[in-house]
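Chain by chain, the residues run as shown.
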Amino acid sequence: MDDRMDEPKSIQIDQFLSYPLRNLENAASFAIDIGGSLTKLAYYSTVKFRINKVKKDEKELYDVSETDKILPRLHFIVLENQYLMEALDFIRDRVKARTQDEGPVEFFATGGGSIKYAKLLKEKIGVDPVKLDEIGCVVRGCNFLIRVMNDQSRLSFNHSSGKNDEALFPYLLVNIGSGVSICCIRSADDWERVGGTSMGGGTFWGLGRLLTGKESFDDILELAEKGSRSGVDTLVRTPIGGGDYGNMGLSGDITASSFCKAATEKSSKIEDFSPEDRAKSLLHMISNDIGQLSYLYAKLNNCKRVIFGGFFIRGHMETMRTVSFGINYWSKGTIQPLFLRHEGFLGAIGAFMQSSRVDKTKLWGENFASSTGYRERSTSNSKDDDSISTLELDQMDIACETFPYLIDSYKPDQWDLTDDNASREYWISTLKSSTEKTASIAKQSQVSSVDVETRISEFKEKYLKRLDNLRRKPGSYGRLSVRKLLNMREDLLNELAFPDPYIHIKKRENEFFLHFLADRVKMIDSLSDHKKRWEECFCGILGGNMFDWGAKAVTDIFDGANDGLLQFSAALVKIQARPWLVDHFDAIYDKLNTYKSVCIFCDNSGADVILGVLPFVRQLLRENIQVVLVANSKPALNDVTYSELIALMPKVFQLCPEFEQFINNESLIITDIESSSPCLNLKTVPTRLVEIFAAKKCDLLILEGMGRAIHTNYKSQFKIGTDSLKLAVLKNDWIAKKLNGKLFDVICRLDEKAEP
Ligand SMILES: Nc1ncnc2c1ncn2[C@@H]1O[C@H](COP(=O)(O)OP(=O)(O)OP(=O)(O)O)[C@@H](O)[C@H]1O
Ligand SMILES: CC(C)(CO)[C@@H](O)C(=O)NCCC(=O)O
């Protein structure tokens, strides 16, 4: 490392560091993990977000404006050790600008290099780093990632729901860095290094260089991807002595001896074997041995799970497959190999956990606008944003936890687009084609802002680039789904200070549809047949759900109609007549009076919430079924936000006085979910909601709309006595086809509670 550090740098390092090392002006805490090959840097900073604000107003329904809010953000980046000096200089120049009253800079260091370079670190940053034990940091980092981020898994990973960690511990943590450390983690603070091997990522990189002449890790890995093991390895099917491998229960494809052909078959000239085959055999030899060791240590320590960390993995499918093979094969599936998405940052994250500025009780969400996932090629002199792997986490505003009613196999997403090329292509091109429309709506929301044009161009450029990137590297944000694609769009709009593109449209629609609320309720009341009345309430929600400005099929038909205001009656006639595509209306009607209390996750503003959801809620309350109504805390498309819903209520009280009583006697509770997504991931919900849900003994969960009930949760079943009802109109051809229906078909799906 020393020699290479002294070499003159041919690239403009500041230019390449300025994007990943952004937001340093407010950085207050740093952690550095200097390993044998790579330096991982983490810092805590704050970001100013623009957010929407809804205020009561005497004259209007409510007043909307935008304001700034400061939120904590964690930044993580990784660099080859040769760039450490420049990175420290870059940081020093920015940290120097801090004023005294911002409090002292915290600095933590771990990894072998932190001891070696302690003096230098102090010199550069001006603070003596607190040195932390390496393995302790890796373990803390791993526990943190599992606890606070629910989209960590690369392969299957079902962290048990609820607060209890029993199902997780004990687990084996195999950290494959330059070398390999193997630890048994018995609980959050009880762990032991039980083994290790010097044959790790550094070995692959080092031997790979000698064997292929390629310099960078990425180049060697790329060669390995193209190579074949049968070039230089002897496989079981071509045994050295012609043995009967069937008797050993081995498949013929298994390597019998790594690199053996170089010893036995040809002259021992290196050119006789292609660089691709040499790299492949090397990758396989190392990964396979680590897999075998992991299995044995897991068995020795009674661990049912093996979690892999360290930058060697890098989400590389072939590596993960080889490492997993031995574990799956020898344990016959009883020990589960698991891969985290940010496996390389464990040490840095763990060091960072010592910071007094990191609120350990809060959860953090990955910001898809600024995290780059993984760079796949080493392009350190590129100006491309994605040339360095970065991870950015934003602190969640309110205390959150896993919804305790989830069954263990809960997966939020209905469709996995990672390996399904045709579906991924459909979604990426659909979203790409809506870029102009999204940009134009965002622009209209801030016409008087001076820099709106610049930010709009930036949005379009980054959005298209991110989508192209996901087309090439679908695993950048973990398993890819419609939810992740839609969330990425919301994150990017937020990042570019467009917190609520539909802010004015939503208000206009809310004002407009309130005029029809009293008549709608009267019409429902006029239906003397009880079942017909309920059917009308269901149709109301479904008709309302047509008001979905995120669906092109809807905006194509209704844009511009009636001064942009789609009439409720026009929406009602578009939806499928009964029997619906999935029609459990009779079943739910028959059970309705058995429910004590219903929790409804609502969807759009305007007609949807006012003429669909509120009359439905009123009917439930009139029949003594209590209601918890949940809206997003932050904007997403034209979904109604919690603050808009609350601001609407005084007007609703005037039109329908019963609502005031329901609120006052708490038979109706309105609450929010920490989300700015049109989809719903119940792995992270506010603790407050969990408490209300439990206190009210909610026994029916109603999810409304495509995002919450189809893209996510469609087939989810819940436990502890909770049935669920999914209500939505299919406003997208692809989804309609997937569910064997047609555009504007209706889903009314009841899933009974899971058996205990
Ligand atoms: N772009 C890259 N450049 C160099 N090595 C990489 C790269 N991507 C992945 N690697 C692999 O990651 C390994 C380093 O992993 P990691 O950063 O987790 O360990 P480390 O902290 O350097 O090592 P140790 O913990 O053993 O001291 C390298 O040896 C190499 O195999
Ligand atoms: C974004 C949601 C989920 C909002 O309900 C929905 O509008 C949707 O799935 N739209 C996908 C894009 C389209 O169908 O045009």
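Residues numbered from 1 in each chain as written. Chains lettered and ligands numbered in written order. Predicted model: local features only at pLDDT ≥ 70, side-chain atom pairs only at ≥ 80, totals over all residues. Heavy atoms only, no water.

Quick reminder of the rule: UniProt positions are given in the numbering used here, feature names are shortened, and annotations may be inferred rather than shown by experiment.
As annotated in an unreviewed UniProt entry, the protein is 4'-phosphopantetheine phosphatase from Oikopleura dioica. Its UniProt record gives the protein a comment under Pathway (unreviewed entry), which states: "Cofactor biosynthesis; coenzyme A biosynthesis; CoA from (R)-pantothenate: step 1/5." Looking at the Subcellular location (unreviewed entry) heading of the UniProt record, one finds this comment for the protein: "Cytoplasm".

## Examining the site of ligand 2
As a reminder of what qualifies: When we say a residue is near a molecule or strand, we mean one of its heavy atoms is within 4 Å of it. Pairing of N or O atoms within 3.5 Å defines a polar contact, subject to two protein rules: one partner must be a possible hydrogen donor and the other a possible acceptor, and residues neighboring in sequence count only if both atoms are side-chain atoms. Note on areas: Shrake-Rupley, 1.4 Å probe, and residue coverage restricted to the protein chains presented here. By the criteria applied, helices consist of DSSP H or I runs no shorter than four residues and strands consist of E runs no shorter than two, each listed in order from the N terminus. When residues are grouped by polarity, Ala, Val, Leu, Ile, Met, Phe, Trp, Tyr, Cys and Pro land in nonpolar, Asp, Glu, Lys and Arg in charged, and all others, Gly among them, in polar.
Ligand 2 sits among Trp-427, Leu-486, Asp-548, Gly-550, Ala-551, Lys-552, Leu-637, Met-706, Gly-707, His-711 and Asn-732. Note that an oxygen atom of ligand 2 is positioned 3.2 Å from one of the backbone N or O atoms of Ala-551. Note that an oxygen atom of ligand 2 is positioned 2.6 Å from one of the side-chain N or O atoms of His-711. In the complex, 95% of the free accessible area of ligand 2, which totals 390 Å², lies under the protein chains. Among the elements that take part in the shell around ligand 2, helix H27 (residues 706–711) stands out by supplying three residues, more than any other. For the shell around ligand 2, the residue count by class is five nonpolar, four polar and two charged.

## A look at the sheet that holds strand E11 (residues 305–309)
In any sheet, the strands associate via hydrogen bonds between backbone groups, in a parallel or an antiparallel arrangement. To keep it simple, the criterion reads: For two strands to pair, DSSP has to find at least two bridges joining them. Axis angles are defined between N-to-C directions and span 0 to 180 degrees, where every axis is a line fitted to C-alpha atoms and, for a helix, only to the segment in contact. Residue contacts are counted whenever heavy atoms from the two residues lie within 4.5 Å of one another.
Read across the open sheet, the five strands follow the order E8-E7-E6-E11-E12; overall the sheet is mixed. Each edge of the open sheet carries a strand with a single partner, namely strand E8 (190–197) and strand E12 (336–339). With direction set aside, neighbouring strand axes in the sheet form an average angle of 25°. Two strands pair when backbone bridges link them, and strand E7 (residues 180–187) and E8 are joined in this way by seven bridges, in the antiparallel orientation. Paired with Ile-182 across the bridge in E8 is Gly-195. Sheet strands touched by helix H11 (residues 317–331): E11 and E12. Its angle to E12, the strand with the most contacts, is close to 160°.

## Quick look at the sheet that holds strand E1 (residues 29–34)
Read across the open sheet, the seven strands follow the order E5-E4-E1-E2-E3-E14-E13; overall the sheet is mixed. Taken across any chain shown, the strands that pair with only one partner, and hence form the sheet edges, are strand E5 (130–131) and strand E13 (364–366). Relative to strand E3 (residues 63–80), strand E2 (residues 38–55) is paired through 18 bridges, and the arrangement is antiparallel. Residue pairing across strands places Thr-46 opposite Pro-72, the latter belonging to E3.

## Regarding the packing of helix H17 (residues 503–514) against helix H24 (residues 642–655)
Put simply, the rule is: The labels follow the angle: roughly parallel below 35 degrees, roughly antiparallel above 145, roughly perpendicular from 65 to 115, and oblique for the rest. Helix crossings get a hand from a simple test, with the near helix turned counterclockwise from the far one by less than a right angle marking a left-handed crossing and a clockwise turn marking a right-handed one.
Interaxial distance between H17 and H24 falls to 11 Å at its minimum, and their mutual angle equals 15°. On the basis of the axis angle, H17 is roughly parallel to H24. The handedness of the crossing between H17 and H24 is right-handed. Contacts between H17 and H24 involve Lys-506, Asn-510 and Leu-514 from the first element and Glu-644, Leu-648, Lys-651, Val-652 and Leu-655 from the second.

## Quick notes on the site of ligand 1
Surrounding ligand 1, one finds 20 residues, the nearest of these being Lys-40, Ser-178, Gly-201, Phe-311 and Arg-314. A distance of 3.1 Å separates an oxygen atom of ligand 1 from a polar atom in the backbone of Gly-202. Between ligand 1 and Phe-312, the relevant distance is 3.4 Å, taken from an oxygen atom to a main-chain nitrogen or oxygen of the residue. Summarising the interface, the protein chains cover 92% of the accessible area of ligand 1, which totals 650 Å² for the free molecule. When contributions to the shell around ligand 1 are tallied by element, the ones reaching two or more residues are E2, helix H7 (201–212) and helix H8 (217–226). Classifying every residue of the shell around ligand 1 by side-chain character gives five nonpolar, nine polar and six charged.

## Structural notes on the nonpolar core
A general tendency of soluble globular proteins is for nonpolar side chains to be buried together. Rules: Throughout this description, the term nonpolar core refers to a set of buried Ala, Val, Leu, Ile, Met, Phe, Trp, Tyr and Cys residues connected via side-chain atoms within 4.5 Å. Partly exposed residues are those whose accessible area sits between 20% and 50% of the maximum for their type, while under 20% is buried and over 50% is exposed, using a 1.4 Å probe and protein chains only.
Among the nonpolar cores identified, the biggest contains 111 residues, and Phe-538, Leu-629, Phe-659 and Ile-710 are the most heavily contacted of them. In terms of residues, this core owes the most to one element, helix H23 (residues 607–622), which gives 10 residues. In this structure Phe-538 touches Trp-580, Phe-585, Ile-588, Phe-616, Leu-725, Leu-727 and Cys-748, once residues within four positions along its chain are discounted. Leu-38, Phe-76, Phe-108 and Ile-185 belong to the second largest nonpolar core, which has 39 residues in total.

## Describing the packing of aromatic side chains
Heads up, the condition is: Each Phe, Tyr or Trp ring, with Trp reduced to its six-membered ring, pairs with another whose centre is within 6.5 Å; inter-plane angles below 30 degrees give stacked pairs, above 60 give edge-to-face pairs, and intermediate values give tilted ones. Two conditions define a charge located above a ring, namely a distance within 6 Å from the ring centre to NZ of Lys or CZ of Arg, and an angle within 35 degrees of the ring normal.
With the rule as written, the count across this model stands at 34 aromatic pairs. A centroid spacing of 5.0 Å and a plane angle of 45° characterise the contact between Phe-403 and Tyr-405, whose relative ring orientation is tilted. Side by side, Phe-403 and Tyr-405 carry an identical accessibility label, which is buried. When the ring of Tyr-426 is compared with that of Trp-734, the centres are 5.9 Å apart and the planes differ by 10°; the resulting orientation is stacked. One end of the pair, Tyr-426, is in helix H13 (residues 421–433); the other, Trp-734, is in helix H28 (residues 733–738), and 308 residues separate them in sequence. For Tyr-426, a relative accessible area of 25% translates into the label partly exposed. The class of Trp-734 is buried, set by a relative accessible area of 10%. Here the aromatic cluster, defined as three or more aromatic residues joined through ring pairs, consists of Phe-512, Phe-513, Phe-516, Phe-547, Trp-549 and Phe-568. One cation-aromatic arrangement involves Arg-455 over Phe-498; the distance from NZ or CZ to the ring centre is 4.5 Å. A cation sits over an aromatic face here: Arg-578 above Trp-580, 5.4 Å from the ring centre.

## Some details on H11
This is how the line gets drawn: Given a helix with a known number of residues, its expected span is that number minus one, times 1.5 Å. In this scheme, the bend at a residue equals the angle between the axes fitted to the seven residues that finish there and the seven that begin there.
For H11, which comprises 15 residues, the first-to-last C-alpha distance of 21 Å matches the rise-based estimate of 21 Å (1.5 Å per residue) to within 8%. At Ser-324, H11 shows its largest bend, some 30°. Looking only at H11, the buried set comprises Thr-319, Met-320, Thr-322, Val-323, Ser-324, Gly-326, Ile-327 and Ser-331. Check the buried side of H11 and you find it contacts H8, helix H10 (275–300), E11 and E12. A positive backbone phi angle near 50° is found at Lys-332, which sits one or two residues after H11.

## Considering unusual backbone geometry
With an omega of 0°, the peptide bond between Arg-578 and Pro-579 qualifies as cis. Positive phi, close to 65°, is recorded for Phe-259, a residue that is not glycine.

## Quick notes on the pairing of E2
Alignment of E1 against E2, held across six bridges, turns out to be antiparallel. Paired with Ile-32 across the two strands is Leu-41, which belongs to E2. Here E1 folds back onto E2 in antiparallel fashion, the turn holding three residues.

## Topic: a nonpolar patch on the surface
Heads up, the rule is: Patch membership needs two things, relative accessible area over 30% and no salt bridge, and members are linked within 9 Å if like-charged or within 5 Å if nonpolar (Val, Leu, Ile, Met, Phe, Trp, Tyr). Salt bridge, as applied in this entry: a Lys or Arg side-chain nitrogen positioned within 4 Å of an Asp or Glu carboxyl oxygen.
A contiguous nonpolar surface patch, about 290 Å² in accessible area, is contributed by Phe-325, Tyr-329 and Trp-330. Counting through the fold element by element, Trp-330 comes out in helix H11.

## Overview of the side chain of Asn-713
Of note, Asn-713 is situated in the loop between H27 and strand E22 (723–729). Among the residues examined, Asn-713 registers a relative accessible area of 1% and is labelled buried. A distance of 3.4 Å separates the side chain of Asn-713 from the side chain of Thr-712, its partner in a polar contact. Not counting chain neighbours up to four residues away, the residues in contact with Asn-713 comprise Tyr-410, Pro-412, Leu-680, Leu-682, Leu-703, Arg-708 and Lys-726.

## As for the pairing of E22
Keep this limit in mind: Handedness of a crossover is defined as follows: orient the strands so they point away from the viewer, and if the path from the first strand over the helix to the second runs clockwise, the crossover is right-handed.
Counted residue by residue, E22 has seven buried out of seven residues, so it is predominantly covered. Sheet topology note: the strand E21 (residues 700–704)/E22 ladder contains five bridges and is parallel. Directly across from Leu-703, in E22, lies its bridge partner Lys-726. In this region the chain leaves E21, passes through H27 and returns to the parallel neighbour E22; the handedness of that crossover is right-handed. In terms of strand pairing, E22 meets strand E23 (residues 746–751) through six bridges, oriented antiparallel. In the sheet register, Leu-727 faces E23, and the bridge partner there is Cys-748.

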